Protein chains: 2
Amino acid sequence: MPREITAFSNSLVKRVRNLREKRHRREEGLFIAEGLRILTDAEEAGRLPQWIFYTAEMRNHPLVRRLSAACEADGGEAIETNVDILHKLSGKDNPQTVLGVYAEFETSLDRLDRAASGIWMVAQSLRDPGNLGTILRTGDAVGAGGLILVDDCVDPFSVEAVRASMGALFTQRIAKASWAEFLAWLRSGPGQLVALSLRTDIDYRQPSYEAPTFLLVGNEARGLPAAYEDACDLRVKLPMRGRADSLNAAIATAVMAYQVLGQRL
Amino acid sequence: MPREITAFSNSLVKRVRNLREKRHRREEGLFIAEGLRILTDAEEAGRLPQWIFYTAEMRNHPLVRRLSAACEADGGEAIETNVDILHKLSGKDNPQTVLGVYAEFETSLDRLDRAASGIWMVAQSLRDPGNLGTILRTGDAVGAGGLILVDDCVDPFSVEAVRASMGALFTQRIAKASWAEFLAWLRSGPGQLVALSLRTDIDYRQPSYEAPTFLLVGNEARGLPAAYEDACDLRVKLPMRGRADSLNAAIATAVMAYQVLGQRL
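Reading guide: rules and limits
For every chain, the first residue of the written sequence is number 1, and numbering continues from 1 along that sequence. Here the convention is simple: chains get letters from A, ligands get numbers from 1, in the order in which they are written. pLDDT decides what is reported in this predicted model: residues at 70 or higher carry local features, side-chain atom pairs at 80 or more are listed and counted, and totals for whole chains, interfaces and linings draw on all residues regardless. For side-chain calculations, the full set of non-hydrogen atoms in the structure is used, while hydrogens and water are omitted. Only heavy atoms matter for contacts: two residues are in contact if any of them lie within 4.5 Å across the pair. Summed over both partners, buried area is the accessible surface (1.4 Å probe) that two parts give up on being assembled. Throughout this description, the term salt bridge denotes a Lys or Arg side-chain nitrogen within 4 Å of a carboxyl oxygen of Asp or Glu. As a rule, the C-alpha atoms of each element are fitted with a line to give its axis, helices using only the stretch in contact, and angles between N-to-C directions run from 0 to 180 degrees. Only DSSP runs of H or I reaching four residues or more are called helices, and only runs of E reaching two or more are called strands; each is numbered from the N terminus. Three categories are distinguished: nonpolar for Ala, Val, Leu, Ile, Met, Phe, Trp, Tyr, Cys and Pro, charged for Asp, Glu, Lys and Arg, and polar for the others, with Gly belonging to the last. UniProt positions are given in the numbering used here, feature names are shortened, and annotations may be inferred rather than shown by experiment. Reported domain spans reflect what an automatic or database domain assignment gives. Any pair of nitrogen or oxygen atoms within 3.5 Å is treated as a polar contact; in protein, a donor-acceptor pairing is required on top of that, and neighbouring residues in sequence qualify only through side-chain atoms on both sides. Only protein chains enter the area calculation, which uses a 1.4 Å probe; residues under 20% of their type maximum are buried, those over 50% are exposed, and those in between are partly exposed. DSSP calls a pair of strands paired once it identifies at least 2 bridges connecting them. The path from the first strand over the helix to the second decides the hand: if it runs clockwise while the strands point away from the viewer, the crossover is right-handed. Throughout this description, the term nonpolar core refers to a set of buried Ala, Val, Leu, Ile, Met, Phe, Trp, Tyr and Cys residues connected via side-chain atoms within 4.5 Å. Copies overlap after least-squares fitting; the atoms used are the C-alpha atoms of residues with pLDDT of at least 70 in both. Nonpolar side chains (Val, Leu, Ile, Met, Phe, Trp, Tyr) are joined into patches within 5 Å and like charges within 9 Å, using only residues with over 30% relative accessible area and no salt bridge. Note on areas: Shrake-Rupley with a 1.4 Å probe; residue coverage comes only from the protein chains shown. The positive count covers Lys and Arg only, the negative count covers Asp and Glu only, and His and the chain ends enter neither. Every charge is mapped onto a representative atom, which is NZ of Lys, CZ of Arg, CG of Asp or CD of Glu. For classification, angles of less than 35 degrees are called roughly parallel, those exceeding 145 degrees roughly antiparallel, those between 65 and 115 degrees roughly perpendicular, and all remaining angles oblique. Two helices cross in a left-handed way if the nearer one is turned anticlockwise from the farther one by less than a right angle. They cross in a right-handed way if the turn is clockwise.

- You'll find chain A entered in an unreviewed UniProt entry as RNA methyltransferase, with Sphingomonas chungangi given as the organism.

Here it is, written out as structure tokens:
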């Protein structure tokens, strides 16, 4: 039986709302994902929420019933609530009618099986949660293995990153590492490290990429440190025909990833 | 001589702050752009602000001096202020130290010279300002002529769209039209209308695209109406190797645009 919560002052509402802040996510080891489609994707990827919130109108939706039952069988709790509470939890003006609270995943490099895919995404000091989530979503689309976050990237479990990932947060592998840790791990096995760079004359359509290809994109404002680029096997650039000298980080990564995928198809 | 404004209650501060809302932008015909780099791009594209705000530390920056002088010679006003006011105007925690207020451009289809470029972007009912700005930025990168906004797209002059465009708002042409108006205009001259679609078997790398190519992307959640797709000369899809069935709208447009550019280079 679902618990019913309609009071803003409810302690669980406050606790979940706080998960919009990184400090609280880190303390609790929990994060928020919104939308029936995404919660269903999560379930199919083997992830169940610790709490599932939904509005009364969704009570009899077959997917909500299935998710709630699975959540409760797994020791979680189903909670019937209203749009105002969901608005408060998600911070969105038009909140989704279903919201889940999940345990954060382990994100050590050791979990990655590089042989699982011919394409991997690597981001260094990425700051925008929308870019991070979009790179995860693109990674899912090209069949990438996952996303490795190098140095001080934005939190992949932030509400904005989860939202932009459109469920790919649950299907792509995610690892965090320092540059030194990443490079040591990378060189312990096969893998071509390819930097998206402005300091090269090699057009991205020239090389024949070797699997597994690790596509490395840098910080939105500063790009990659020169020393990091130097440690790559290859530096490539995208043609730029306009006034600006750079693309959005998620865009550049996607154009590259589709180039690599195109060679493999 | 710049005017100095340090009071939150100043009427111009309130007026500019209100430009973050579409209603006020429409009433005033004005919008906000932030950052020295973007204001400089705007100047090079022939656009001067009606007001330029900057912090005292930026007073002697050569580009700020040049922009301020040009702004004042054009009948505008330079205003020295502080970070707190800029934070209030932009809504950003770490605001840029320079901000300009510009007149909105005319956005009629008649202004477009389709022969000016071999690639044009067309978005239908696009709702996310970040996607709109990112498509403008990508358009600049591939040398597109501009972006045509069909039906009820988000406002290209919103703070978020201007920010994501990274200056491309000033260099790309922008037009607004209903679907009927757009189609009538398109068919009055040469142009291949290509839809990004899920309802096709044609891989985006197969066709030879004809210039000028008009790349049409639909709403983030619903895609394009079937009738709109039927009116296109070509429907293509991107390979999808993951669980999800769609890409972010700005990502899909960029991968397509680089494919077309690649054929032309």
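Alright, that's what it looks like, and here's the rest.
## Notes on the interface of chain A and chain B
- If you look at the interface, chain A gives 33 residues, while chain B gives 33 residues.
- Surface buried jointly by chain A and chain B totals about 2,800 Å² across both partners, of which 55% is contributed by carbon and sulfur atoms.
- Area buried by chain A at its contact with chain B is led by A:Arg137, A:Arg243 and A:Tyr258, which between them contribute 24% of it.
- Counting across the chain A and chain B interface gives four salt bridges.
- The shortest N-O distance in the salt bridge between A:Arg37 and B:Asp245 comes to 3.8 Å.

## Section: the packing of helix 1 (residues 11–18) of chain A against helix 5 (residues 83–90) of chain A
All names here are of chain A.
- With their axes 7 Å apart at the nearest point, helix 1 and helix 5 run at an angle of 35 degrees to one another. On helix 5, the residues that touch Val13, Val16 and Arg17 of helix 1 are Ile85, Lys88 and Leu89.
- When its residues are assigned to classes, the contact of helix 1 with helix 5 shows four nonpolar, no polar and two charged.

## Points about the UniProt feature "domain: RNA 2-O ribose methyltransferase substrate binding" (unreviewed entry) in chain A
- Feature annotation in UniProt assigns "domain: RNA 2-O ribose methyltransferase substrate binding" (unreviewed entry) to the following positions: residues 32–108 of chain A.
- For residues 32–108 of chain A, the helix share is 38%, the strand share is 25%, and the end-to-end C-alpha distance is 21 Å.

## Description of the domain arrangement of chain A
Residue and element names in this part refer to chain A.
- Partitioning chain A into structural domains gives domain 1 (3–103) and domain 2 (109–264).
- Using only C-alpha atoms to locate each centre, domain 1 and domain 2 end up separated by 31 Å.
- Counting residues at the interface gives 15 residues for domain 1, matched by twelve residues for domain 2.
- Taking both sides of the interface into account, the surface hidden between domain 1 and domain 2 amounts to around 1,200 Å²; carbon and sulfur atoms contribute 66%.
- Counting the surface domain 1 buries against domain 2, the share from its top three residues, Arg25, Phe31 and Ile38, is 39%.
- Counting across the domain 1 and domain 2 interface gives two salt bridges.
- Among the ionic pairs, Arg163 bridges to Glu34, the shortest N-O distance being 3.0 Å.
- Our enumeration of links across domain 1 and domain 2 arrives at four residue pairs in polar contact (both at pLDDT 80 or more).

## Considering the pairing of strand 6 (residues 119–124) of chain B
Residue and element names in this part refer to chain B.
- In terms of residue burial, strand 6 counts as a mostly covered element, since six of its six residues are buried.
- Neither face of strand 6 is left uncovered, since the one carrying Ile119, Met121 and Ala123 and the one carrying Trp120, Val122 and Gln124 both have all their residues buried.
- Looking at chain direction, strand 6 and strand 10 (residues 213–217) are connected through five bridges and run parallel. Paired with Ala123 across the strands is Val217, a residue of strand 10.
- Sheet topology places strand 6 next to strand 7 (residues 146–150); four bridges connect them, and they run parallel. Its bridge partner being in strand 7, Val122 is matched across the sheet by Ile148.
- In this view, the connection linking strand 6 to its parallel neighbour strand 7 by way of helix 6 (residues 129–142) has right-handed handedness.

## Section: the pairing of strand 4 (residues 77–81) of chain A
Residue and element names in this part refer to chain A.
- Counting buried residues in strand 4 gives four out of five residues, a clear majority hidden from the surface.
- Across two bridges, strand 1 (residues 3–4) lies against strand 4 in parallel orientation. Opposite Arg3, over in strand 4, you have Ile79 as the bridge partner.

## Brief notes about the nonpolar core
- Core analysis: the largest hydrophobic core is formed by 116 residues, its most contacted members being A:Met256, A:Tyr258, B:Met256 and B:Tyr258.
- A:Tyr258 has contacts with A:Ala141, A:Val142, B:Tyr204, B:Leu238, B:Pro239, B:Met240, B:Leu247 and B:Val255, leaving out every residue within four places of it along the chain.

## Some thoughts on the relation of the copies chain A and chain B
- The operation relating chain A to chain B is a screw motion whose rotation component is 180 degrees, with 0.0 Å of axial translation and a residual RMSD of 0.0 Å. Those values place the two copies in the arrangement expected of a two-fold rotation axis.
- When the interface residues of chain A are mapped onto chain B, 100% of them again fall at the interface, so both copies present the same face.

## Topic: a positive patch on the surface
- Together, A:Lys22, A:Arg26, A:Arg127, A:Lys176 and A:Arg222 give the surface a local cluster of positive charge.
- Along the chain, the position of A:Arg26 falls in helix 2 (residues 22–28).

## Points about the packing of helix 3 (residues 36–44) of chain B against helix 4 (residues 62–73) of chain B
Residue and element names in this part refer to chain B.
- Taken N-terminus to C-terminus, the directions of helix 3 and helix 4 make an angle of 45 degrees; their axes are 11 Å apart at the nearest point. Put simply, helix 3 runs oblique to helix 4. Crossing of helix 3 against helix 4: the hand is left-handed. Along its contact with helix 3, which presents Leu36, Leu39, Thr40, Glu43 and Glu44, the element helix 4 presents Leu63, Val64, Arg66, Leu67 and Ala70.
- In terms of residue class, the contact of helix 3 with helix 4 is built from six nonpolar, one polar and three charged.

## What about the sheet that holds strand 3 (residues 51–55) of chain B?
All names here are of chain B.
- One open sheet holds the five strands; their spatial order is 1-4-3-5-2, and the pairing between them is mixed. Among the strands making up the open sheet, the edge pair consists of strand 1 (3–4) and strand 2 (30–34).
- With five bridges joining them, strand 2 and strand 5 (residues 98–103) adopt antiparallel strand pairing. Bridging from a neighbouring strand, Ile32 pairs with Val101 of strand 5.
- Taken strand by strand, helix 1 (residues 11–18) contacts strand 1, strand 2, strand 3, strand 4 (77–81) and strand 5, and its axis lies near 105 degrees from that of strand 3.

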